[in-house]
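Coordinates in review
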Amino acid sequence: MNMNKLLVSITASIALLATAPTMADQTQQSPAATDSTGYSNPAAAGTQKTDYNDAELKKFIAAQEGITEVREEYIEKIEAADSQEKAQELQMKANDEMVSVIEDSGMDIPTYNAIATAYSSEPKVRNRIEALM
């Protein structure tokens, strides 16, 4: 998988997962670190972890591969939906499947999102992930 495709996939995944209902049970955080959906953004809080071990990064890679499959499965269905409601319903189903993929890979959603954010913003993390692929 080339880097550009991975980056687009990660960005799309974060956008979908930012609305994940499992995020609603976030603990109290500073307003700068949490948006209106309850998504915690470690980079905004200045607390982004970048020293992930190889096992965590391998789980992330496995999850990302599964998410790419789900995204590819649903993108055409969502674009072809005959109503906004149907498109939203399909997006929610895709989101639920992505959450399952991440959890099945042994990660939690906040960790997945944090690694995805680090991949997008930290060359050190990006290079390590690419080396493991």
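Our subject is the structure that appears above.
It is worth spelling out the environment of I115 at this point. Its place among the elements puts I115 in helix α5 (residues 109-121). It is 7.8 Å that separates the C-alpha atoms of I115 and L57, two residues lying 58 residues apart in sequence. When residues no more than four places from it in sequence are discounted, the contact partners of I115 are Y52, E56, L57, F60, M107, V125 and I129.

This part takes up the packing of aromatic side chains. Across all of its chains, the model carries 1 aromatic pair by this definition. A cation over an aromatic ring shows up here: K77 above the ring of Y74, its NZ or CZ 4.9 Å from the ring centre. Cation over ring: R126 sits above Y119, and NZ or CZ is 5.8 Å from the ring centre.

Let's shift gears to the packing of helix α3 (residues 54-80) against helix α4 (residues 84-104). Axis separation between α3 and α4 bottoms out at 9 Å; the angle between their running directions is 170 degrees. Of the possible angle classes, the one that applies to α3 and α4 is roughly antiparallel. Each of A63, G66, I67, V70, R71, E73, Y74, K77 and I78 in α3 lies in contact with α4, whose residues at this interface are A87, L90, Q91, K93, A94, E97, M98, V101 and I102. Split by residue class, the contact of α3 with α4 holds 11 nonpolar, 2 polar and 5 charged.

Moving on, we get to the pattern of salt bridges. Taken as a whole and assessed by the stated rule, the structure comprises 3 salt bridges. R128 is the salt-bridge partner of D54, the closest N and O atoms lying 2.8 Å from each other. With a gap of 74 residues between them, D54 in helix α3 and R128 in helix α6 (residues 123-132) connect regions that are remote in the sequence. Between K86 and E89 there is a salt bridge, and its shortest N-O distance comes to 3.9 Å. With a gap of 3 residues between them, K86 and E89 both fall in helix α4, about one helical turn apart.

Moving on to α4. Helical geometry: 3.6 residues make up each α-helical turn, so side chains three or four residues apart lie on a common side. Between its first and last C-alpha, α4 extends 30 Å over 21 residues, near the 30 Å set by a 1.5 Å rise per residue. Within α4 the residues assigned to the buried category are A87, L90, A94, N95, M98, V99 and I102.

Within α6 the residues assigned to the buried category are V125, R126 and I129. The buried side chains of α6 occupy one side of the element, clustering within an arc of 100 degrees when seen end-on.

Two elements in contact, α5 and α6, have axes separated by 6 Å at closest approach and are oriented at 105 degrees. Judged on the interaxial angle alone, α6 and α5 are roughly perpendicular. Together, I115, A118, Y119, S120 and S121 of α5 and P123, V125, R126, I129 and E130 of α6 make up the contact between the two elements.

Moving on: the nonpolar core. Judged by nonpolar contacts, the single largest core of 23 residues is most densely connected at Y52, F60, I102, M107, Y112, I115 and I129. Elements represented by at least two residues in this core include exactly α3, α4, α5 and α6.

Conventions used here
Residues numbered from 1 in each chain as written. Predicted model: local features only at pLDDT ≥ 70, side-chain atom pairs only at ≥ 80, totals over all residues. Heavy atoms only, no water. Helix = DSSP H or I, 4+ residues; strand = E, 2+ residues; numbered from the N terminus. Contact = heavy atoms within 4.5 Å. Phe/Tyr/Trp six-rings, centres within 6.5 Å; stacked < 30°, edge-to-face > 60°. Lys NZ or Arg CZ within 6 Å of the ring centre and 35° of its normal. Axes fitted to C-alpha atoms, helices over the stretch in contact; angles between N-to-C directions. Parallel < 35°, antiparallel > 145°, perpendicular 65-115°, else oblique. Nonpolar A, V, L, I, M, F, W, Y, C, P; charged D, E, K, R; others polar. Salt bridge = Lys/Arg side-chain N within 4 Å of Asp/Glu carboxyl O. Expected span 1.5 Å × (residues − 1). Buried < 20%, exposed > 50% of the residue type's maximum accessible area, 1.4 Å probe, protein only. Arc of directions from axis to C-beta. Core = buried A, V, L, I, M, F, W, Y, C linked by side-chain atoms within 4.5 Å.

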